[in-house]
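# Observations on chain architecture
The residues making up each chain are set out below.
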Amino acid sequence: MASPRDAFAGWTIAHLQAYVRDCGRDPDEAATKGQLITMAVAAAQEVEGRVAQGESGGGAATTLSVPPPLPPASPSRRALLVGCNYAGTRAALQGCVNDAHCLRHLLVSRLGFSPESITLLTDDAPDPRAWPTRSNVLWHAHALAAGAGAGDSLFFSFSGHGSQSFDPTGDEGDSMNETLLPCDHEVAGQIVDDELNAGEGGGVGRGGARGAPAARGAPTPLPAPPPQALINPVPAGARLHALIDACHSGSALDLEWMAKARPAGAPLTWKQTYSRAPSVHKGTAGGLAVQVAASRDAQVAADTSALSGSAHTGAATFAFIHAVETYGASISYGALLSSMKAVLDSVTGGSPADSLSGALGSLGGLLSGALDKLGMSGQTPVLCANWAFDLGTPLNI
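Moving on: the overall build of the protein. Within the protein, the regular secondary structure consists of 9 helices and 13 strands. A total of 397 residues make up the protein; the buried ones form 47% of that total. Contacts in the protein between residues at least 24 apart in sequence constitute 71% of all its contacts with a sequence separation of at least 6. When the accessible area of the protein is evaluated, it comes to approximately 17100 Å², of which 57% is carbon and sulfur surface.

Laid out in structure tokens, this is it:
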């Protein structure tokens, strides 16, 4: 049964303030939406109580006007898809723009997104406003999350280079932040995980893993987005899914819980990723955030034509699309991860770390960590979320 607060959940702050004033109260202009909902519920109950008792100034019963609850905005689906091929640079990729277009097709054909609800940023776009520059990615990422309401489904993808940089805060257990490389990163900087979740500071400067692409001239930048661009604004009742197909992407969104794909038959379990309480808030504004990552933090991710047979794609993006196309849009999160691992193993030959971990228990776990650091551990897809949930739950994009 719906609670009185549910009736006001879809209201804007302006609507709530006006309603509270109409009921004879003076709302604090600095009040949060949650505080205003509490005031609105109390005001509505007071007015309805007076109506029920027939209270009025002249002693005669009267009907006081209680504005009916506004219907919440129709739940919507919106997506931001980013693909960086870095064409003409010493670290060019071939499949990342394809990834963005293939995901767009999947969202429209299988997951209920309308073409108009999807923003595409690719570095082959004729319009500079659609290039995946640092400012464009951050601005559109913030717009995606900040404009959400209860019931909305958001999808974000990044296909391109990923890297790591030293973490000066001490929040990272391995002392390294994960980064995404926009097309202009040599000039504007990389996008650090802290900027997408608890946005602190600016981008990392020049350089990066696998050879950094040369800079590309950027258009006039959009206004700087607020910090905490993607994760933190997601409101209660909304859900964000992100697919990061880049090297070192396991914890690219700094979410608290992680589940790594395991060898066939091994149970999937959540593990807390924070080695200590973060120095700043990391998480949403009450909504669910789920990230599917191409690899663990210490691994690289493949860009290949071996899976499609012709066109280049990111191996993880191909594996994600293959799982949804093959098993349906209601595939469970655990089955999605296992299906992706099977496809990625077919490209990378599997991970020696997996067999060691399964055969030797805790000793195998230590050895698999060593293989990770040596870059000999294949490509293992990872699922992260801001809270741990049943991995048998159907995918809900």
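Now that the structure has been shown, we can carry on.
Time to look at the nonpolar core. In this structure, L81, L107, F113, F155, F320, L336 and L383 are the most contacted members of the largest nonpolar core, which totals 40 residues. Breaking this core down by element, the ones donating at least two residues are strand 1 (77–83), helix 3 (96–110), strand 10 (288–293), helix 7 (315–327), helix 8 (333–348) and strand 13 (382–385). The dominant element in this core, judged by the number of residues it contributes, is helix 7, at 7 residues. Sequence-distant contacts of F113, defined by excluding residues within four places in its chain, comprise R77, R78, A79, L107, V108, I118, S153, F155 and I397.

Here we come to the pattern of salt bridges. Scanning the model with the defined rule gives 7 salt bridges in all. In this structure, R110 and E325 form a salt bridge, with 2.6 Å as the shortest nitrogen-oxygen distance. Here the residue R110 occupies a position in helix 3, and E325 occupies one in helix 7, the gap between them amounting to 215 residues. Note on R110: relative accessible area 33%, which makes it partly exposed. A relative accessible area of 34% places E325 in the partly exposed class. Between K282 and D254 there is a salt bridge whose closest N-O contact spans 2.9 Å.

Here we take up the packing of aromatic side chains. Going through the model one piece at a time under the given rule, you end up with 3 aromatic pairs. Arranged with centres 6.2 Å apart and planes meeting at 45 degrees, the rings of F155 and F320 form a pair that is tilted. Of this pair, F155 sits in strand 3 (residues 153–159) while F320 sits in helix 7; the two residues are 165 residues apart in sequence, bridging distant segments of the chain. Side by side, F155 and F320 carry an identical accessibility label, which is buried. When the centroid spacing of 5.0 Å and the interplanar angle of 70 degrees are considered together, the rings of Y333 and F389 count as edge-to-face. Here F389 lies in the segment after strand 13 and Y333 lies in helix 8, a separation of 56 residues in the sequence. On the basis of relative accessibility, which here comes to 3%, the residue Y333 falls in the buried class. Ring-pair connections join several aromatic residues into one group, and the members of that group are W270, Y333 and F389.

Axis separation between helix 3 and helix 7 bottoms out at 10 Å; the angle between their running directions is 15 degrees. By the angle class used here, helix 3 and helix 7 are roughly parallel. Considering how the two elements wind past one another, helix 3 and helix 7 form a crossing that is left-handed. Contacts between helix 3 and helix 7 pair D99, C102, L103, L106 and R110 from the former with T317, F320, I321, V324 and E325 from the latter.

Our next topic: the side chain of S117. Tracing the backbone shows S117 in the loop between helix 3 and strand 2 (118–122). For S117, the side chain forms a polar contact with the main-chain oxygen of R77, separated by 3.1 Å. Ignoring anything within four residues of it in the chain, the contact list for S117 reads R77, R78 and A79.

So, about unusual backbone geometry. Positive phi is not limited to glycine here, since Y86 has a value of about 55 degrees. Relative to the elements of secondary structure, Y86 occurs in the loop between strand 1 and helix 3. Its identity is not glycine, yet H248 carries a phi of approximately 60 degrees, on the positive side. Locating H248 in the fold gives a position in the loop between strand 7 (239–245) and strand 8 (257–260).

To continue, consider the confidence of the model for the protein. Mean pLDDT over the protein stands at 79; residues scoring 70 or higher make up 74%. Low confidence marks residues 54–72, where pLDDT is under 50. Its contacts with residues over four positions away, or in another chain, come to 20 contacts. Contacts from residues 200–221, a stretch scored under 50 in pLDDT, to residues over four places away or in other chains number 64 contacts.

About the cut-offs
Residues numbered from 1 in each chain as written. Predicted model: local features only at pLDDT ≥ 70, side-chain atom pairs only at ≥ 80, totals over all residues. Heavy atoms only, no water. Helix = DSSP H or I, 4+ residues; strand = E, 2+ residues; numbered from the N terminus. Buried < 20%, exposed > 50% of the residue type's maximum accessible area, 1.4 Å probe, protein only. Contact = heavy atoms within 4.5 Å. Areas by Shrake-Rupley, 256 points an atom, 1.4 Å probe, with all protein chains shown as cover. Core = buried A, V, L, I, M, F, W, Y, C linked by side-chain atoms within 4.5 Å. Salt bridge = Lys/Arg side-chain N within 4 Å of Asp/Glu carboxyl O. Phe/Tyr/Trp six-rings, centres within 6.5 Å; stacked < 30°, edge-to-face > 60°. Axes fitted to C-alpha atoms, helices over the stretch in contact; angles between N-to-C directions. Parallel < 35°, antiparallel > 145°, perpendicular 65-115°, else oblique. Left-handed = near helix turned anticlockwise from the far one by under 90°. Polar contact = N/O pair within 3.5 Å; in protein donor to acceptor, adjacent residues only side chain to side chain. pLDDT = per-residue confidence, 0-100.

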